[in-house]
Amino acid sequence: MSDYGVISADDVDDVYGGTTVPGEFRPLTKVLGGEQLAVTLIRVPAHSDFEQGTGHFHADLEELYIVARGTLTMRFGDEVRTVGAGSVARVAPATPRSHRNEGDEPVELWAVSRRIDHDDATKIDAFWEASPDAAQER
């Protein structure tokens, strides 16, 4: 294991490539050799609902969402917030969350958490109403 890792996110497979999910989901942790931290690049095209009306929460993981480009509509529990570039959102483990891009500019979002070797996410179907400003599929 190296003491460091450098990778272009575009060189990592897009989990949602070839699906109807609008956008990209590129988990970088394993490729980087991350031992303590997990990082994923999420790209959401303009006017797209990345999670397609669903949401999720984690049993144990606290997450940071870093909005590097664009503006997201994010839901945390029952609260809906507009979160723009240069903002960071921290979400506690049990808090239901989701996001979509209702704007004209693509969004680049980085999700960061501690690394665990099991899936602790629970999907929530029909988490919020469809947005007329965000397509549910590519």
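On a predicted model such as this, the values are computed, not experimentally measured, just so you know. Counting of residues starts from 1 at the beginning of each chain's written sequence and follows it residue by residue. Note on the predicted model: pLDDT of at least 70 is required for a residue's local features to be given, and 80 or more for side-chain atom pairs to be given and counted; whole-chain, interface and lining totals, by contrast, use all residues. Heavy atoms throughout the structure, all of them, feed into the side-chain values; hydrogens and water do not.

Q: Explain the overall build of the protein here, please?
A: In DSSP terms, a helix is any run of H or I states spanning at least four residues, a strand is any run of E spanning at least two, and both are numbered starting from the N terminus. Broken down by element type, the protein carries one helix and ten strands. Secondary structure elements in the protein, listed N-terminal to C-terminal, are β-α-β-β-β-β-β-β-β-β-β. Only the C-alpha atoms count toward the radius of gyration. The rule for a globule is 2.2 Å times the residue count to the power 0.38. In summary, the protein has a C-alpha radius of gyration of 15 Å against a globular reference of 14 Å for 138 residues, a match within 12%. Expressed as lengths along the three principal axes of its C-alpha atoms, the size of the protein is roughly 45 × 30 × 30 Å. The cut-offs for exposure are 20% and 50% of the maximum accessible area for each residue type, with area from a 1.4 Å probe on protein chains only; residues under the lower value are buried, those over the upper are exposed, and the others partly exposed. Sorting the 138 residues of the protein into buried and exposed places 41% on the buried side. Considering only residue pairs separated by 6 or more positions, the protein has 72% of its internal contacts joining residues 24 or more positions apart. When the accessible surface of the protein is summed, it comes to about 7,800 Å², and 49% of that surface belongs to carbon and sulfur atoms. Charge counting treats Lys and Arg as positive and Asp and Glu as negative, with His and both chain ends excluded. Note on charges: their place is set at NZ of Lys, CZ of Arg, CG of Asp or CD of Glu. Distance from the positive charge centre (13 side chains) to the negative charge centre (25 side chains) of the protein: 1 Å. Only heavy atoms matter for contacts: two residues are in contact if any of them lie within 4.5 Å across the pair. Areas reported as accessible are Shrake-Rupley estimates using a 1.4 Å probe. Residue values count occlusion only from the protein chains shown.

Q: Explain the layout of surface pockets to me, please; I cannot follow it from the model alone.
A: In this approach the atoms are scanned with a rolling probe the size of a water molecule, which exposes any empty space left behind. A cavity here means a set of 1 Å grid points, computed over protein atoms only, where a 1.4 Å probe fits but cannot escape. A pocket is an open set with protein on both sides within 12 Å along at least 5 of 7 lines, and lining residues have an atom within 4 Å of a point. Grid points are joined across faces, edges and corners, and a volume is the space filled by probe spheres set on the points. For the largest pocket, the calculated volume is near 1,000 Å³. For the largest pocket, the lining is made up of 33 residues, of which Phe-25, Thr-40, His-58, Asp-119 and Ala-121 are closest to its centre. Where the lining of the largest pocket is concerned, the elements lending two or more residues are strand 1 (24-27), helix 1 (29-32), strand 2 (37-44), strand 3 (55-58), strand 4 (63-69), strand 9 (107-114) and strand 10 (121-124). Polar here means any residue outside two lists: the nonpolar Ala, Val, Leu, Ile, Met, Phe, Trp, Tyr, Cys and Pro, and the charged Asp, Glu, Lys and Arg; Gly therefore counts as polar. Its residues placed into classes, the lining of the largest pocket shows 14 nonpolar, ten polar and nine charged. When its volume is computed, the second largest pocket comes out at roughly 240 Å³. Lining the second largest pocket are 14 residues, and of these Leu-32, Gly-33, Gly-34, Glu-35 and Leu-37 lie nearest its centre. If one sorts the elements of the lining of the second largest pocket by residue count, strand 2 sits on top with three residues. Across the lining of the second largest pocket, the residue classes break down as seven nonpolar, five polar and two charged.

Q: Whenever I open this one, the pattern of salt bridges confuses me. Can you help?
A: Any two side chains of opposite charge can pair, so long as their charged atoms come close to each other. Think of a salt bridge as a Lys or Arg side-chain nitrogen and an Asp or Glu carboxyl oxygen that are within 4 Å of each other. Taken as a whole and judged by the stated rule, the model has 13 salt bridges. Among the salt bridges present, the one from Asp-10 reaches Arg-43, with a minimum N-O distance of 2.6 Å. Of this pair, Asp-10 sits in the segment before strand 1 while Arg-43 is found in strand 2, placing the two residues 33 residues apart along the sequence. Classification of Asp-10 as partly exposed rests on a relative accessible area of 45%. Between Glu-63 and Arg-97 there is a salt bridge whose closest N-O contact spans 2.5 Å. Residue Glu-63 is located in strand 4, and its partner Arg-97 is located in strand 8 (residues 97-100); the two are separated by 34 residues in the primary sequence. One exposure class covers both Glu-63 and Arg-97, and it is buried. One salt-bridge network, held together by shared partners, links Asp-10, Glu-24, Arg-26, Arg-43 and Glu-108.

Q: Please explain the nonpolar core as it appears in this structure.
A: Across soluble globular proteins, nonpolar side chains show a tendency to be buried alongside one another. Definition used in this section: a nonpolar core is a set of buried Ala, Val, Leu, Ile, Met, Phe, Trp, Tyr and Cys residues joined via side-chain atoms within 4.5 Å. Judged by nonpolar contacts, the single largest core of 15 residues is most densely connected at Ile-42, Tyr-65, Leu-72, Met-74 and Leu-109. Sorting the residues of this core by element identifies strand 2, strand 4, strand 5 (71-76), strand 7 (87-91) and strand 9 as the ones contributing at least two each. Apart from the residues lying within four places of it in its own chain, the contact partners of Leu-72 are Val-67, Arg-81, Thr-82, Val-83, His-99, Arg-100, Asn-101, Val-107 and Leu-109. In terms of nonpolar packing, the next biggest core, distinct from the first, is built from five residues, Ala-9, Val-12, Leu-28 and Val-39 among them.

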